[in-house]
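Chain by chain, the residues:
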There are 2 protein chains.
Amino acid sequence: MTYKIPFSGRAIDYTEDEIQTVVTAMKTADPLTQGKYLKEFEQKFAEYIGSPKCFAMCNATAALEICAQLGQFKPGDEVVVPAHTFTSSVYPFVKKGVTPVWADIDLKTRVVTAETIERCLSPKTKAIIVVHLYGYVADMPSIMALAKKHNLLVIEDAAQSIGGSINGKQSGTFADLAVFSLHSHKNITTLGEGGVLAVNNEKFVNIIPQLRHNGHCAFSFERQDYWIPAMGNVDMPQLNGEPVWPNNYCLGEVECALGTKLLQRLDPINAQKRRRAISLIDALKSYSELEFHREDSVRHNYHLLAGRITHGKRDDFIRKMATEKSVQCVVQYYPLYRYDFYKKLKLDKANCPNTDLFFDNMVSFPFQHRLTDQEFLYLQEAIKDVLNELRK
Amino acid sequence: MTYKIPFSGRAIDYTEDEIQTVVTAMKTADPLTQGKYLKEFEQKFAEYIGSPKCFAMCNATAALEICAQLGQFKPGDEVVVPAHTFTSSVYPFVKKGVTPVWADIDLKTRVVTAETIERCLSPKTKAIIVVHLYGYVADMPSIMALAKKHNLLVIEDAAQSIGGSINGKQSGTFADLAVFSLHSHKNITTLGEGGVLAVNNEKFVNIIPQLRHNGHCAFSFERQDYWIPAMGNVDMPQLNGEPVWPNNYCLGEVECALGTKLLQRLDPINAQKRRRAISLIDALKSYSELEFHREDSVRHNYHLLAGRITHGKRDDFIRKMATEKSVQCVVQYYPLYRYDFYKKLKLDKANCPNTDLFFDNMVSFPFQHRLTDQEFLYLQEAIKDVLNELRK
């Protein structure tokens, strides 16, 4: 089915300048991976978010796989995670033998809180994964205080919240480790795939290049000739005296050049998304049957615009939006414990009433940055029309 | 140090047409990953090499990681591998608890043979990794016959041999599984990073999309509404009744569009490299102290041009090439058992005299496709001059 307003898998159009950046990198990058554009992008990204050290990765899942390695978990260790998130926030940890403990979300903000996390703590808890879902930065100051009290590793999944901040401190700079996504859906994207690992805990920094790039490293001694005994060494990265296996998670130079360029446009993109979100939420404020999370500050980048239908007619609403208005709404973030994947792992036990309630009544609207103003207004009027009809 | 002829980490320049392909994909791809360009690239790649099914990956190491998963190895299982190769050919298997058994290379062809592999077989052997190093296709008919006799899984690491063939059958189509690299160094490259997994054994085909993309799959039942119970399922891939963990190894749409385009230029690139290699080898045939592997057929794509210095003056040769001719030669493929990585894993026992002899006397010349004819002739004359000087 073709929609007048599809829920596009692509968030932004590239400007002529951004296209020119790619063309220039294609013509000049030598090598085409692991070169100067990578270094520049990592530095600019770290400066932008205010992190001591950032590493570009082929995607955010890869960055989370590295986080799961750096946790050095043992089977039986517990990690507190939200169930209302994308599967990549969790499965890399489950791969390591960790038991995820599902923290509920706050119904208003749709993210976990220090309180919902605290309910999940046990003597086996080793880490907390916080996801700034939809682009809203969870209450990191409170969560970090809780983690400090219990001596827990914290990982921010900032895949959707790039540029969001609390009191001037950006998402991805609170926890020990944080990941960002530069995937096709996101507010900025490096040709559809890409991610960043932000490392705030110094003890992890040194081994990450090796973990990312096949264990490659320099020899530990000075060489007289650059090829003796070999061009470079391959070694097993070590953390706390234990080996950590290497991977290949490199992001190419052209993507990195584009990433640097896109950072210049990130604030305007976020601002436009927030402006539109607030204007739509306010235009619909008389419709109490559609509840939004209104946050008119840089704490929310409105990567996605999700609402909750409170009168139980969610499915009728989506059907009518599709058939009568040709607008493709979706539902997002199936509680992870309901997927066959987690069921087969016997990880389907959860006490997350808000997660279930929200998911079963949520609707995510097409909200890609590349919607025209006309399309955006059409969307807004379509929502009104369908809500009015459902009141009859 | 800056060289007149560096050993470049980049093999090819892009044509204006190829750049335009990238620009068009940047403007039109929706989504920017896992869309129509991926499907087209996989189909064209499979048609080009003559494989039933190919899957694009973020890099060749990722494809090898999947091969290591599909082997479903148990600790103690042995896999026969060459030691004269890049570390990615081997470490994904070692990660799975496998013991690599180092097969020696043939001194002339610098790749493993059925004979050197056979010497490594034991009752514990479960698989064979064959690497078509430098772009020369190993004797796959003999190796497959050996594998069939012993019921072994075979994986071709065709990272360097794209387009190479034996009797019209291309590398990557002989074994159960094969990987190709589209990395910056390679004869064609998808913006610096990329790879392909070619699957010739049907039993593996169905689960690969899930293994590549976070376990995403369709629900097993028909749905009335596209969002109920969720937009899609996430499940644990199963092979022979056992779970195989998912990953995120996706390659973006722009890279895939470029990959399809580059396939049109692959044969001319390979032909030019082979023509140059043969002409250089023939021009230097009176210098018996520099031995090449001459193969004037499509069995060799001459991804790299490597020679062996037979009079023991390899290091003097490289030094003079650098300081007197400003040509950056390198040595490649440190026998894996000599790296700290494999030493720390106690995998440093090997009986590979040819591997050691070749490595300790080898020299790899700058041979990127983008060398001009003038640069190439300069290289040839520089080699002659330095060899002449070393004769004095």
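Conventions adopted
- Residues numbered from 1 in each chain as written.
- Chains lettered and ligands numbered in written order.
- Predicted model: local features only at pLDDT ≥ 70, side-chain atom pairs only at ≥ 80, totals over all residues.
- Heavy atoms only, no water.
- Least-squares fit on C-alpha atoms with pLDDT ≥ 70 in both.
- Pairing = 2+ DSSP bridges.
- Helix = DSSP H or I, 4+ residues; strand = E, 2+ residues; numbered from the N terminus.
- Axes fitted to C-alpha atoms, helices over the stretch in contact; angles between N-to-C directions.
- Contact = heavy atoms within 4.5 Å.
- pLDDT = per-residue confidence, 0-100.
- Buried area = accessible area lost by both parts, 1.4 Å probe.
- Salt bridge = Lys/Arg side-chain N within 4 Å of Asp/Glu carboxyl O.
- Polar contact = N/O pair within 3.5 Å; in protein donor to acceptor, adjacent residues only side chain to side chain.
- Nonpolar A, V, L, I, M, F, W, Y, C, P; charged D, E, K, R; others polar.
- Disulfide = S-S within 2.5 Å.
- Buried < 20%, exposed > 50% of the residue type's maximum accessible area, 1.4 Å probe, protein only.
- Arc of directions from axis to C-beta.
- Domains from an automatic or database assignment.

Asks: Tell me about the relation of the copies chain B and chain A, and name the residues and values.
Replies: Note on the copies: chain B fits chain A at an RMSD of 0.0 Å, the axial shift is 0.0 Å, and the rotation between them is 180 degrees. Such a combination of turn and shift is consistent with a two-fold rotation axis.

Asks: Outline the sheet that holds strand 5 (residues 153-157) of chain B, supporting the account with residue identities and numerical values.
Replies: Where strands meet in a sheet, backbone hydrogen bonds hold them as pairs that are either parallel or antiparallel. Residues and elements named next belong to chain B. Taken in spatial order, the seven strands line up as 1-9-8-5-4-2-3 in an open sheet, and their pairing is mixed. Edge positions in the open sheet fall to strand 1 (53-57) and strand 3 (99-103), since each of these has one partner strand only. Looking at each pair of strands side by side, their axes are set apart by 20 degrees on average, direction ignored. Sheet contacts for helix 2 (residues 36-49): strand 1, strand 8 (177-181) and strand 9 (195-199); angle to strand 1, the most-contacted strand, approximately 130 degrees.

Asks: So what's going on with the confidence of the model for chain A? Which residues, and what values?
Replies: For chain A, per-residue confidence averages 98 on the pLDDT scale, and residues scoring 70 or more make up 100% of the total. Across the predicted assembly, pTM comes out at 0.98 and ipTM at 0.97.

Asks: How would you explain the interface of chain B and chain A if you had to name every residue and give the values?
Replies: Opposite the 78 residues of chain B that make contact, chain A presents 78 residues. Each partner contributes to the roughly 6300 Å² buried at the junction of chain B and chain A, and carbon and sulfur atoms together form 60% of this total. In this structure, the connection of chain B to chain A is made through eight salt bridges. For B:Glu16, the salt bridge goes to A:Lys27, with nearest N and O atoms at 3.6 Å. Linking chain B with chain A are 41 residue pairs in polar contact (both at pLDDT 80 or more), by the criterion used here. Contributions of two or more residues to the side of chain B that touches chain A are made by helix 1 (16-28), helix 3 (60-70), helix 4 (91-95), strand 11 (233-234), helix 8 (253-283), helix 9 (314-323) and helix 10 (340-344) of chain B. Sorting elements by how many residues they give to the side of chain B that touches chain A places helix 1 of chain B first, with nine residues. Its residues assigned to classes, the side of chain B that touches chain A shows 40 nonpolar, 21 polar and 17 charged.

Asks: An account of the state of the cysteines is needed here, citing residue identities and associated values.
Replies: Per the stated rule, a full pass over the model turns up zero disulfides over all chains. In this structure A:Cys250 is a free cysteine whose sulfur lies 7.9 Å from that of A:Cys58, the closest cysteine sulfur available. Here A:Cys250 falls in the buried class, since its relative accessible area comes to 3%. B:Cys250 supplies the cysteine sulfur nearest to B:Cys256, a cysteine that is in no disulfide, at a spacing of 9.4 Å.

Asks: How would you sum up helix 6 (residues 140-150) of chain B? Please name residues and give values.
Replies: Residues lying three or four places apart along an α-helix face the same way, a consequence of the helix completing one turn every 3.6 residues. Residues and elements named next belong to chain B. Turning to helix 6, its buried residues number three or more, namely Met 140, Ile 143, Leu 146 and Ala 147. The buried residues of helix 6 occupy one face: seen down the axis, they fall within an arc of 125 degrees. Every exposed residue of helix 6 that faces more than 90 degrees away from the buried side is listed here: Lys 148 and Lys 149. The secondary structure elements touched by the buried residues of helix 6 are helix 5 (114-118), strand 4 (125-131), strand 5 and strand 6 (165-166). The positive-phi residue at the C-terminal boundary of helix 6 is Asn 151, with phi of around 55 degrees.

Asks: Any chance you could break down the domain arrangement of chain A for me, citing the residues and the numbers?
Replies: All names here are of chain A. Domains assigned within chain A are domain 1 (16-261) and domain 2 (265-391). The straight-line distance from the C-alpha centre of domain 1 to that of domain 2 is 27 Å. Taken together, the contact pairs 41 residues of domain 1 with 40 residues of domain 2. Both sides of the domain 1 and domain 2 interface together cover about 3400 Å² of buried area, and 57% of this is carbon and sulfur. For the domain 1 face of the interface with domain 2, the top three residues by lost area are Trp 102, Tyr 134 and Asn 187, together amounting to 22%. There are one salt bridge connecting domain 1 and domain 2.

Asks: Describe the pattern of salt bridges, and please don't skip the residues or the numbers.
Replies: Inspection of the entire model under this criterion finds 48 salt bridges over all chains. Between B:Lys320 and B:Glu389 there is a salt bridge whose closest N-O contact spans 3.0 Å. Of this pair, B:Lys320 sits in helix 9 while B:Glu389 sits in helix 12 (residues 373-391), placing them 69 residues apart in sequence. Among the residues examined, B:Glu389 registers a relative accessible area of 28% and is labelled partly exposed. Residues participating in the shared-partner salt-bridge network are A:Asp13, A:Arg370 and B:Asp30.

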